[in-house]
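A closer look at the structure
Residues per chain are reported as follows:
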Amino acid sequence: MAEAQAEAVGPAEAVEAAPGRELTAPQGVTPGAGPGPLGGSARVRQVREGLRGYGLIVAMWIRSTMTYRASFALSAFGNAAITLLDFVTIFIMFSHVDVLGGFTLPEIALLYGSCSASLGLADLLMGNTDRIGARIRDGSLDTMLVRPVPVLAQVAADRFALRRLGRVMQGLGVLGWALWTLDVDWTAGKVLMVPVMIVSGAAIFAAVMVTGAAFQFIAGDAAEVQNSFTYGGCTMLQYPPTIFAKDLLRGVTFVVPLAFVNWLPALYVLGRPDPLGLPGWVAYLSPLVAFLVFLPASLAWRAGVRSYRSTGS
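This write-up is about the structure you can find in this document. (Residues numbered from 1 in each chain as written. Predicted model: local features only at pLDDT ≥ 70, side-chain atom pairs only at ≥ 80, totals over all residues. Heavy atoms only, no water.)

**Topic: a nonpolar patch on the surface**
Definition in use: Patch members must show over 30% relative accessible area and no salt bridge, and they are joined within 9 Å when carrying like charges or within 5 Å when they are nonpolar side chains of Val, Leu, Ile, Met, Phe, Trp or Tyr. All accessibility values rest on the Shrake-Rupley procedure with a 1.4 Å probe; residue burial counts only the protein chains present in the view. Every case where a carboxyl oxygen of Asp or Glu lies within 4 Å of a side-chain nitrogen of Lys or Arg is listed as a salt bridge. Secondary structure elements follow DSSP: runs of H or I no shorter than four residues count as helices, runs of E no shorter than two count as strands, and numbering proceeds from the N terminus. Accessible area is worked out with a 1.4 Å probe on protein chains only. A residue is then buried under 20% of its type maximum, exposed over 50%, and partly exposed in between.
A contiguous nonpolar patch, built from Leu84, Leu85, Val88 and Ile92 and spanning about 330 Å² of accessible area, is present on the exposed surface. Summarising the element assignment, leucine 84 is placed in helix α3 (residues 69-93). Residue class for leucine 84 comes out partly exposed when judged on its relative accessible area of 33%.

**What about the environment of alanine 157?**
Put simply, the rule reads: We call two residues in contact whenever any of their non-hydrogen atoms come within 4.5 Å of each other.
Tracing the chain through its elements places alanine 157 in helix α7 (residues 151-157). Note on alanine 157: relative accessible area 0%, which makes it buried. Between the alpha carbons of alanine 157 and leucine 125 there is a distance of 7.2 Å; along the sequence they are 32 residues apart. In this view, alanine 157 contacts Tyr54, Ile57, Val58 and Trp61; residues no more than four positions away in its chain are not counted.

**Remarks on the pattern of salt bridges**
Counted under the stated rule, the structure contains five salt bridges. A salt bridge links glutamate 107 to arginine 272; the nearest nitrogen and oxygen atoms lie 3.1 Å apart. Residue glutamate 107 is located in helix α4 (residues 105-126), and its partner arginine 272 is located in the loop between α12 (263-270) and α13 (286-307); the two are separated by 165 residues in the primary sequence. Given a relative accessible area of 11%, glutamate 107 falls into the buried group. Taking relative accessible area as the criterion, arginine 272 reaches 28% and is therefore assigned partly exposed. Taken together, the shared-partner salt bridges in this structure form one network comprising Arg131, Arg135 and Asp158.

**Overview of α12**
Judged by how many residues are buried, α12 sits mostly within the fold: seven of eight residues are covered. For α12, the complete set of buried residues consists of Trp263, Leu264, Pro265, Ala266, Leu267, Val269 and Leu270. Looking at the buried side of α12, the elements it contacts are α4, α9 (188-219), α10 (223-237), α11 (246-255) and α13. Immediately beyond the C-terminal end of α12, within one or two residues, lies glycine 271, with a positive phi of roughly 70 degrees.

**Section: the nonpolar core**
To be explicit about the condition: Residues grouped as a nonpolar core are buried Ala, Val, Leu, Ile, Met, Phe, Trp, Tyr and Cys residues, joined through side-chain atoms within 4.5 Å.
Ranked by internal contacts, the top residues of the largest apolar core, which has 79 residues, are Ile132, Leu141, Phe205, Phe217, Leu237, Trp263 and Trp301. For this core, the leading source of residues is α9, giving 14 residues. When sequence neighbours within four positions are dropped, the list of residues in contact with leucine 141 reads Ile132, Arg135, Ile136, Val151, Phe217 and Tyr308.

**Regarding the packing of α9 against α13**
Put simply, the rule reads: Throughout, an axis means a line fitted to C-alpha atoms (over the contacting stretch in the case of helices), and angles, computed between N-to-C directions, take values from 0 to 180 degrees. Any angle from 65 to 115 degrees is called roughly perpendicular, while one under 35 is roughly parallel, one over 145 is roughly antiparallel, and all others are oblique. The crossing is said to be left-handed when, going from far helix to near helix, the turn is anticlockwise and less than a right angle, and right-handed when the turn is clockwise.
One way to put it is that α9 packs onto α13 with a least axis distance of 8 Å and a crossing angle of 20 degrees. The angle between α9 and α13 falls in the class roughly parallel. For α9 against α13, the interelement crossing comes out left-handed. Packed against α9, whose contacting residues are Val196, Ser200, Ala203, Ile204, Ala206, Ala207, Val210, Thr211, Ala213, Ala214 and Phe217, the element α13 presents Ser286, Pro287, Val289, Ala290, Val293, Phe294, Ala297, Ala300, Trp301, Gly304, Val305 and Ser307 at the interface.

**Section: the side chain of aspartate 274**
Operational definition: Asp and Glu count as negative and Lys and Arg as positive, but His and the ends of the chain are not part of the count. Any pair of N or O atoms that falls within 3.5 Å is considered a polar contact. Within protein, one atom must be able to donate a hydrogen and the other to accept it, and sequence-neighbouring residues count only if both atoms are side-chain atoms.
With respect to the helices and strands, aspartate 274 occurs in the loop between α12 and α13. Although aspartate 274 lies buried, it forms no salt bridge, and the closest oppositely charged side chain, lysine 246, sits 8.5 Å away as judged by the N-O distance. Of the polar contacts made by the side chain of aspartate 274, one reaches the backbone nitrogen of leucine 278; its length is 3.3 Å. In contact with aspartate 274, not counting residues within four places along its chain, are Leu264 and Leu267.

**What about the state of the cysteines?**
So the rule is basically this: Cysteine sulfur atoms are paired as a disulfide whenever they come within 2.5 Å of each other.
Following the criterion strictly, the structure yields one disulfide and no others. Two residues, cysteine 115 and cysteine 234, share a disulfide whose sulfurs are 2.4 Å apart. Of this pair, cysteine 115 sits in helix α4 while cysteine 234 sits in helix α10, and the two are 119 residues apart along the sequence. Residue classification places cysteine 234 among the buried positions, given a relative accessible area of 0%.

The structure is reproduced here in structure tokens:
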């Protein structure tokens, strides 16, 4: 029933296309994205409409989820408990060692909690983008292209899983314990850095998810490639950068800037030097890096939508 409600969002027009025929919109219009040549005000209006459409779809799925509140509570608790096992593994490891790469357990808890909360937030808001490959294969993406809502907003909000809040709360809980335990010389900049680190990290992960979704227009089913940079990247970021090779650190700093998710901000909060010798003020660049990563991600997404060819189903 919930799936039928989701498919009912927007106009109910059907689009006929022969197999292999390219599904195109009227001249000057980008499918599912509003008018073609957009000025500044038109782009703002398009973003506003996309956010509104995203909110309506999310609200529908939340109402559907809260119909069975006990099931939602158990799912959210299970999601938090399963992800917490990663930190339990780290905790057990520290029963045999005092430090890892020069970092104590509370310091690694800071890395773990910040990364887990950022990924959980991005997964909550954009996690369903990895299903775009399935929609391309079965032709259900066609219905999204004729709705007056940007395709990305529909894909991200599709089957919105509120239970993923469990991962966010679990990460914030570990982060709170780490901040309570650590002996940090707090300043206004360090206090501000903590929420900025969480939000900027979520934005960087979200940009990686959008890029991975765009790649699926070419690869067909590359969800695992996307997950290797998101879930795999978060697993790497849970451990101190001092245990990794310098070439890897350069790659996740200057190529795929995952180091700006939590490594660089956390090193600034802890007062530790960066293994690559970067100055401390680089940690404040996380919001700018998130914005810069979104630029190629959005261009790749638009290129993927334009290249889409209907299955004709």
